[in-house]
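Survey of secondary and tertiary structure
The primary structure of each chain is shown beneath.
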Amino acid sequence: MKVNEIVEKLGLKIFSGEKGLAKEISGGYVCDLLSDVMGHADQGNIWITLQTHKNVMAIASLKDLAAVVIVKGFEPEPDALEKSNEEEIPILGTDLESFEITGKIYELLK
Amino acid sequence: MQYKFEVEGGNFSKAGTASSEVKKILNQLNVDYKLIKRIVVALYEAEVNIVAHANKGIIDVDIDTERIKLVLNDSGPGIPNIEKAMEAGFSTATQKVREMGFGAGMGLPNIKRNADILNISSETGKGTSVEIIVFLKP
Ligand SMILES: Nc1ncnc2c1ncn2[C@@H]1O[C@H](COP(=O)(O)OP(=O)(O)OP(=O)(O)O)[C@@H](O)[C@H]1O
Ligand SMILES: [Mg+2]
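Notes on the structure in this doc start here. Within each chain, residues carry numbers counting from 1 in the order of the written sequence. Chains carry letters from A onward and ligands carry numbers from 1 onward, assigned in written order. Restriction of local features to residues with pLDDT of at least 70 applies here, the model being predicted, together with a cutoff of 80 or more for giving and counting side-chain atom pairs; totals for whole chains, interfaces and linings are based on all residues. The side-chain quantities take in all heavy atoms of the structure and omit both hydrogens and water.

Before going further, it helps to spend a moment on the overall build of chain B. Check the secondary structure of chain B and you find five helices and five strands. Starting at the N terminus, helices and strands are each numbered in turn, a helix being any DSSP run of H or I of at least four residues and a strand any DSSP run of E of at least two. Secondary structure elements of chain B occur, N-terminal to C-terminal, as β-α-α-β-β-α-α-α-β-β. Within these notes, the globule rule equals 2.2 Å times the number of residues to the 0.38 power, and the radius of gyration is based on C-alpha atoms. Here the C-alpha radius of gyration of chain B, 14 Å, is about what a compact globule of 138 residues would show, namely 14 Å. Taking the principal axes of the C-alpha coordinates as reference, chain B spans close to 40 × 30 × 25 Å. The cut-offs for exposure are 20% and 50% of the maximum accessible area for each residue type, with area from a 1.4 Å probe on protein chains only; residues under the lower value are buried, those over the upper are exposed, and the others partly exposed. Across the 138 residues that make up chain B, the buried fraction comes to 50%. The contacts of chain B with a sequence gap of at least 6 include a subset with a gap of at least 24, amounting to 64%. Throughout, the Shrake-Rupley method with a 1.4 Å probe supplies accessible areas, and for residues the shown protein chains are the sole cover considered. Of the roughly 7100 Å² of accessible surface on chain B, a fraction of 51% belongs to carbon and sulfur atoms. Residues counted as positive are Lys and Arg, residues counted as negative are Asp and Glu, and His and the chain ends are not counted. Where a charge lies is defined by one atom per residue type, namely NZ (Lys), CZ (Arg), CG (Asp) and CD (Glu). Placing the 17 positive and 17 negative side-chain charges of chain B at their respective mean positions leaves the two points 3 Å apart. Here a residue-residue contact requires only that any non-hydrogen atoms of the pair lie within 4.5 Å.

Let's shift gears to the site of ligand 1. Around ligand 1, the structure places 21 residues, and the nearest of them are Ser35(A), His53(B), Ser91(B), Thr92(B) and Gly103(B). Any residue with a non-hydrogen atom lying within 4 Å of a molecule or strand is treated as near it. Residues close to ligand 1 are split across chains A and B. The contact in question runs from a nitrogen atom of ligand 1 to an N or O atom on the side chain of Asp74(B), over 2.9 Å. Identification of polar contacts relies on pairs of N or O atoms within 3.5 Å, with a donor-acceptor requirement for protein atoms, meaning one able to donate a hydrogen and the other able to accept it, and with residues adjacent in sequence counted only if both atoms are side-chain atoms. In the model, an oxygen atom of ligand 1 is placed 3.1 Å from a nitrogen or oxygen of the Ala104(B) main chain. Contact with the protein chains removes 96% of the 590 Å² of surface that ligand 1 exposes when unbound. Elements supplying a minimum of two residues to the shell around ligand 1: helix H2 (33–53) and helix H5 (107–114) of chain B. When residue character is reported, Ala, Val, Leu, Ile, Met, Phe, Trp, Tyr, Cys and Pro are called nonpolar, Asp, Glu, Lys and Arg charged, and the others, Gly included, polar. A per-class count over the shell around ligand 1 returns nine nonpolar, ten polar and two charged.

Below, the discussion takes up the interface of chain A and chain B. Each partner contributes to the interface: chain A provides 20 residues, whereas chain B provides 20 residues. Buried area: the accessible surface (1.4 Å probe) lost by two parts on joining, summed over both. In total, about 1700 Å² of surface goes out of reach between chain A and chain B, with carbon and sulfur atoms giving 52% of it. For chain A, the biggest contributors to the area lost against chain B are Ser35(A), Asn55(A) and Leu62(A); these three give 34% of the whole. When a carboxyl oxygen of Asp or Glu is within 4 Å of a side-chain nitrogen of Lys or Arg, the pair counts as a salt bridge. There are one salt bridge connecting chain A and chain B.

This part is about the sheet that holds strand E4 (residues 67–70) of chain A. All names here are of chain A. If you walk across this open sheet you meet the five strands as E1-E5-E4-E3-E2, and the pairing is mixed. Two strands bound the open sheet, and with one partner strand each, they are strand E1 (13–16) and strand E2 (27–30). In this sheet, neighbouring strand axes are inclined to one another by 25 degrees on average, regardless of whether the strands run parallel or antiparallel. Paired strands, in this sense, are two strands between which DSSP finds at least two bridges. Bridge analysis of E4 against strand E5 (residues 91–93) gives three bridges, and the strand direction is parallel. Residue pairing across strands places Val69 opposite Leu92, the latter belonging to E5. Note on method: axes are straight lines fitted to C-alpha atoms, helices fitted across the in-contact stretch only, with angles between N-to-C directions ranging 0 to 180 degrees.

That's the geometry; what it means functionally is another story.
Encoded structure:
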């Protein structure tokens, strides 16, 4: 499944990185501890987190993640948006909490 | 091939810049993707440790056909007990750093898992030197 299909099906907000919306999703990872994500997320994963700063995008780019979903209505910081556009990795948003959005994405991907 | 990068302590907006440059270089050299993944994780964690725990540092990258060697020298507080610091979950990160999602105490274990050789030496009050080697040939 591609990032844009998940966006459409779940009504996610697109903050940035539109050029990466056609990326294929290989699975998901849910964690707010950056070194855990660094150690364990896989290439092509969609990453669900409440972190909003630029380091999230540094990790997404180094790990070749497909997209980042920011939960609970939080908004990414401006330099995170910039990096997301540069790297063409979308930052998406939802008002839902991690548990709920993860369940929905899991249903779509499984 | 040799490259040098400077790392500023405390500047999280630049954290990962050197790792990202090294990733680009390795891609250009057509290094195996699985090796690049390991190198990048190890280097990023060591780079962020300078940002989070030290004042400033230099990263020396040396690549030949056999291996990549990354040496990170920082001036900072040093690590009083390296064995303890290597334990998963051990962290002295400040509250502010933890709120950003760092400080899980998983960085050094991540480096250990992804490096073929890891050497850490440190002098309390002076600084830390981290040497990471990953072999590029099977
Ligand atoms: N370059 C360094 N200078 C001084 N202390 C360091 C340095 N690198 C690591 N340490 C010490 O070792 C501890 C463990 O490091 P490690 O990278 O495993 O975890 P962390 O940086 O605290 O958290 P995480 O990496 O999970 O975000 C640090 O909390 C710090 O006390
Ligand atoms: Mg660390």
